[in-house]
Structure formats: structure tokens, C-alpha cells
Protein chains: 2
Amino acid sequence: MNDVIRLLQSHRSVRKFTDQAIAQDALEELVKCGQSAATSSFIQACTVIQVEDKDAREQLVQLAGSQPYVASAARFLVFCADMKRHQLACNMHEADMLCGYTEQFITATVDCALFAQNVLTAAESMGIEGVYIGGIRNQIQAVTGLLALPDLVYPVFGMCLGYAAQDPELKPRLPLDVVLKKNRYDDSDDIASITEYDEQVRKYYRTRTGGKKDTAWSEQVADMLVKEARPHMLDFLKSRGYLLK
Amino acid sequence: MNDVIRLLQSHRSVRKFTDQAIAQDALEELVKCGQSAATSSFIQACTVIQVEDKDAREQLVQLAGSQPYVASAARFLVFCADMKRHQLACNMHEADMLCGYTEQFITATVDCALFAQNVLTAAESMGIEGVYIGGIRNQIQAVTGLLALPDLVYPVFGMCLGYAAQDPELKPRLPLDVVLKKNRYDDSDDIASITEYDEQVRKYYRTRTGGKKDTAWSEQVADMLVKEARPHMLDFLKSRGYLLK
């Protein structure tokens, strides 16, 4: 096992940060790592908004569902899937861009995720840690307004970055045989593996909460998925030029 | 600049491979790195199919639009967004899962991309290189059939992995000011920056092709986006239980 593999396998989300700043040139180095990720057909569809304005940060804390670390992290980035840039490129050549394809939504969203994961890995290699903030999609319309995002630009997730003021345990992942299959999808042994894994997760929560929380993975999933999942999303994305066809 | 940042910034896609194999335990180490990536609300929605069957590989070459490296790479992985597993978890607790939300499509797709980017970074740290294969979405229904993917499991992209038998140049990325914005989205300087960048891209292609190809980035984008983008995608995904609401 080399240092990079050790680094990747020691990832945990960090939500409490010291006051230590991250210099702008370090941040830009991280963003360059993001840009170096693969990009579908060279579209380069990720735009990062670094939110420095204190008032905007406070608003984002609330818009993301009361996540105070959105304000207290040294840096807060919003990763946006951006096809507006391609509209510009098309205009430069008087080409009529065809928009709204679901395929474009996939490529732009995936581009952002590959980009962001490189940013986080690069950060962690520098001793900086962080957490993805999917919560900005709670009130995605307000976030879009706050950051002045035009049509064809949607905020996929945020990311807090800073120096850790906590030392969370690694969270156990699903057994390998559940997530890695040979040649064909076959989940006939998955219930047995998940049942075993459920006990590991219970143990993780018990240790972490001094016995207060004792939830299995499958239980947590079941609790979550009986509820609506940001039901505004499809209409919102359509209103911004995505997922129209 | 540390070794990890150097590694990330030296990424290029590799499509020609030597015959050198990748051991199964090394592959599993890479997949564990994928699993260590952040996952939205702990859903762990990525399943990897490692395609070993030679005939299936040959079929995938064609289904991905005649990409021979899908067969010649030491390993070929298909990363699937998988909410079927969550259906199992809900069944274990007699919970009625609410499916079809666009939000679930986003979280599952992003989960896959974060996972895959960790796999590729880990591979590159071991001297293995590769390329993402979005082309498996060309004939996504046939790919889904070949891999026996059930409803709620969709193949996001493939990945070839192996030892490089080529040494491609780094492909220049957009200027930093185009992809990184402060506080608000503002693209008023983007056309100027893209115009400058276009010349870099032309130069890259000229060098790489001995003068035969000479295309600016904006030109390439404009050529691509006047065409339909996998117009079957939305209907296909709906038929699998995604993007219904």
C-alpha cells in the first residue's frame, strides 16, 4: 500500500475546523488539480464559486439546512455544472447549441464530481480536510440566486475546506462483494452481506455516540427513503435548461 | 507542490496498453479506495462490474462506439449508479421506498463519480493508467442487458485500466479565471480568456497530429453541441426507475 492509497483510504468528513486560513495560492493549486481530472469529450463543464462574502456564507448556512461549518470553514466552494460556457463557445462560432438533453446533464454533473474529488484529495494531501455539502440543493433556487448563477449553471454541491479541529473515526463501508461484481449484476448474496455489515455500522454508531445511537445501515437507508427527496429538483432543473428531453 | 498534487496534475487519458496484467488483489485495493470516497447521506450507491468475459468485452468495444481499448485494457470496469441495493434495505425493514426522484439520480450519479475518481487516482499512484468510457451510454440499453443490470441500476461510465503503451502529452485546461469565480458567477471576461485558450488548444492539436488537426476548444465545443446528445437517455432512465419526478 503506497501513500496515496493510504491517503484515499483514510478519508473521513470533517465538520469542525480550526481558525487556520488556507492561502489563495494553495486554493488555486487545489482547483488546478480539479481541472486536471478527466472531462467528458473535453467539455470542462465545472465552475467553482469560492464564497468569501461573510453574509453570503451565513445565508448558505441556513439554505443548506443549518450547517454552521459552511460559515466556519476556512473556505467554502460551490461546484456548479456549467453549460453556459458552451453557449458562449457556440455563440463565438454562430452555432445553434442544442440544449436540454439528459445526456448533457449527466456529463456536466459527472465532470463536476470528478473535479471536486480531485480538489478534496489534493486538499487532504496538504493536511486540509473537509466535507461535501449536498444540502445546498435543499433550497437550490435561493442558492442559485445568491450566487447569481445564470441558466445552464446549476449548483451540484458545496465543499467546506479547512484544518480539522476534530478527529472522526473512519466510517465502515459496505463489504467488497456487495459493491464489486464479476461480469454480471448478481445480488443474491447481498442481504447476507448487508446483515453482517449492519452490525459493524451499529457498533460504529454506538462507539461514536457512547451508546446513544445504534442504527444499522439498512435501517438508516430505509428511514431515509420512505421520505420525499428534494421533490423540487426536476422542475427547478427544467427551469434552468436541463433535463428537458 | 507535493507528490499527490503532482500526480493529480499529471493525469492524461491512456488508451494504449501493454500486456501487463493487474492482479485481482490490486484491483480490489483500488475499489476499496473508491469506497472510501465521500457518499451522500451514507447511501453508498455505486456498484462496479468488472468485465472479464472476453466475448462481453468484444461486445462492449462495439457498444461503446468501436473503442478497441475496452477489450485490450488489462481491466475494464463499469461504474453503475445503484439504488436497487436500497430497495433491498427497505425490504429488510418492510419500508416502502419512494423512487424516481431526480434528487436520487443526482446523488447516485455523483456517488459513482467520486468513487471512480478515487479508483483512477489510486491506480495512477501504482503506475497504472486509464480512460473513462462514456461511450457505454451510446447503447445503454444493450449494455444494461449484457451486464444483467436490474431496474434502479444504470451504467454511468466504464473505465479501462492498464499499463501505458503510449505517452500522451498533457492536454491544456481552461484558464483558471474561467473556472474559478469569487462570490458570484461573472463571465464577462470569459470570451477573452477562452479566445486566448483556443490558441493553446490549437497548438496542442497541431503538435500532437503533426499539423493535421488544428481545432480551437470553442470550435470543438460548437461542433459537438449542434448535434443531438444521446437523445434516448431520458426515456431509458425513466424505464429503469430514474428521473420520473
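To start, this report covers the structure provided alongside it.

Criteria and cut-off values
- Residues numbered from 1 in each chain as written.
- Chains lettered and ligands numbered in written order.
- Predicted model: local features only at pLDDT ≥ 70, side-chain atom pairs only at ≥ 80, totals over all residues.
- Helix = DSSP H or I, 4+ residues; strand = E, 2+ residues; numbered from the N terminus.
- Buried ≥ 20, exposed ≤ 12 C-beta atoms within 10 Å, placed from the backbone.
- Contact = placed C-beta atoms within 7 Å.
- Nonpolar A, V, L, I, M, F, W, Y, C, P; charged D, E, K, R; others polar.
- Least-squares fit on C-alpha atoms with pLDDT ≥ 70 in both.
- Expected span 1.5 Å × (residues − 1).
- Pairing = 2+ DSSP bridges.
- Axes fitted to C-alpha atoms, helices over the stretch in contact; angles between N-to-C directions.
- Core = buried A, V, L, I, M, F, W, Y, C linked by C-beta atoms within 7 Å.

## A short note on the overall build of chain A
Alright, step 1. Of regular secondary structure, chain A possesses 11 helices and 5 strands.
Alright, step 2. Each principal axis of the C-alpha atoms in chain A carries an extent, and together these give about 60 × 45 × 40 Å.
Alright, step 3. In chain A, which comprises 245 residues, the proportion classed as buried is 49%.

## Brief notes about the interface of chain A and chain B
Alright, step 1. Listed per partner, the contact involves 100 residues of chain A and 100 residues of chain B.
Alright, step 2. Per element, the largest residue contribution to the side of chain A that touches chain B is 14 residues, and it comes from helix H6 (residues 102–125) of chain A.
Alright, step 3. When its residues are assigned to classes, the side of chain A that touches chain B shows 54 nonpolar, 25 polar and 21 charged.

## Some details on the relation of the copies chain A and chain B
Alright, step 1. Expressed as a screw transformation, the operator carrying chain A onto chain B has a rotation angle of 180 degrees and an axial translation of 0.0 Å, and the superposed copies differ by an RMSD of 0.0 Å. Here the two chains are linked by the operation of a two-fold rotation axis.
Alright, step 2. Interface overlap between copies is the fraction of interface residues in one copy that are interface residues in the other; for chain A against chain B it reaches 100%, indicating a shared surface.

## Concerning unusual backbone geometry
All names here are of chain A.
Alright, step 1. Positive phi values are uncommon outside glycine, yet Ala148 reaches one of about 55 degrees.
Alright, step 2. Within the secondary structure, Ala148 is located in the loop between helix H7 (140–146) and strand S4 (153–162).
Alright, step 3. Take Ala148: there are 13 C-beta atoms within 10 Å of it, and that puts it in the partly exposed class.
Alright, step 4. Even without glycine at this site, Arg230 takes up a positive phi of about 35 degrees.
Alright, step 5. Considering the arrangement of structural elements, one finds Arg230 in the loop between helix H10 (217–225) and helix H11 (233–239).

## A look at helix H6 (residues 102–125) of chain B
Because each turn of an α-helix spans 3.6 residues, side chains separated by three or four positions in sequence point in the same direction.
Residue and element names in this part refer to chain B.
Alright, step 1. Between the first and last C-alpha of H6 there are 35 Å, a value that for 24 residues agrees with the 34 Å anticipated at 1.5 Å per step.
Alright, step 2. Most of H6 sits out of view: 23 of its 24 residues are buried.
Alright, step 3. Following H6 by one or two positions, Gly127 has its phi on the positive side, about 85 degrees.

## Some points on the sheet that holds S4 of chain A
Alright, step 1. What the 5 strands build is an open sheet, ordered S3(A)-S4(A)-S2(A)-S1(A)-S5(B); its pairing is mixed. The open sheet terminates on both sides in strands that have one partner only, identified here as strand S3 (129–133) of chain A together with strand S5 (180–182) of chain B. The sheet shows a mean angle of 25 degrees between the axes of neighbouring strands, taken without regard to direction.
Alright, step 2. Relative to S5 of chain B, strand S1 (residues 46–50) of chain A runs parallel, the two being bridged by 3 bridges. Looking at the pairing, Gln50 of chain A lines up with Lys182 of chain B of S5 of chain B.

## Describing the nonpolar core
Alright, step 1. Counting 160 residues, the largest nonpolar core has Phe79, Val119 and Met159 of chain A together with Phe79, Val119 and Met159 of chain B as the members making the most contacts within it.
Alright, step 2. Dropping the residues within four chain positions of it, Phe79 of chain A is found in contact with Cys46, Val48, Cys112, Phe115, Ala116, Val156, Phe157 and Met159 of chain A.

## Section: the sheet that holds strand S3 (residues 129–133) of chain B
Alright, step 1. Strand order in this open sheet of 5 strands is S5(A)-S1(B)-S2(B)-S4(B)-S3(B), and the pairing throughout is mixed. The sheet is open, and its two edges are formed by strand S5 (180–182) of chain A together with S3 of chain B, each paired on a single side. With strand direction ignored, the average angle separating the axes of adjacent strands in the sheet is 25 degrees.
Alright, step 2. With 5 bridges joining them, strand S1 (residues 46–50) of chain B and strand S2 (residues 75–82) of chain B adopt antiparallel strand pairing.

## Quick notes on the environment of Arg137 of chain A
Alright, step 1. With respect to the helices, strands and loops of the structure, Arg137 of chain A is situated in the loop between S3 and H7.
Alright, step 2. Taking the C-alpha atoms as reference points, Arg137 of chain A and Gly158 of chain A, 21 residues apart in sequence, are found 9.2 Å from one another.
Alright, step 3. With residues near it in sequence (within four places) discarded, Arg137 of chain A still touches Arg230 and Met233 of chain A together with Glu103 of chain B.

## Structural notes on the environment of Pro231 of chain A
Alright, step 1. Topologically, Pro231 of chain A is positioned in the loop between H10 and H11.
Alright, step 2. It is 9.5 Å that separates the C-alpha atoms of Pro231 of chain A and Asn138 of chain A, two residues lying 93 residues apart in sequence.
Alright, step 3. Aside from chain neighbours lying at most four places away, what touches Pro231 of chain A is Tyr101 and Lys245 of chain B.

## Concerning the environment of Thr195 of chain B
Residues and elements named next belong to chain B.
Alright, step 1. With respect to the element layout, Thr195 can be found in helix H9 (residues 190–209).
Alright, step 2. Thr195 sits in the partly exposed class, given 13 other C-beta atoms within 10 Å.
Alright, step 3. Along the chain, Thr195 and Tyr163 lie 32 residues apart, while their C-alpha atoms are 36 Å from each other.

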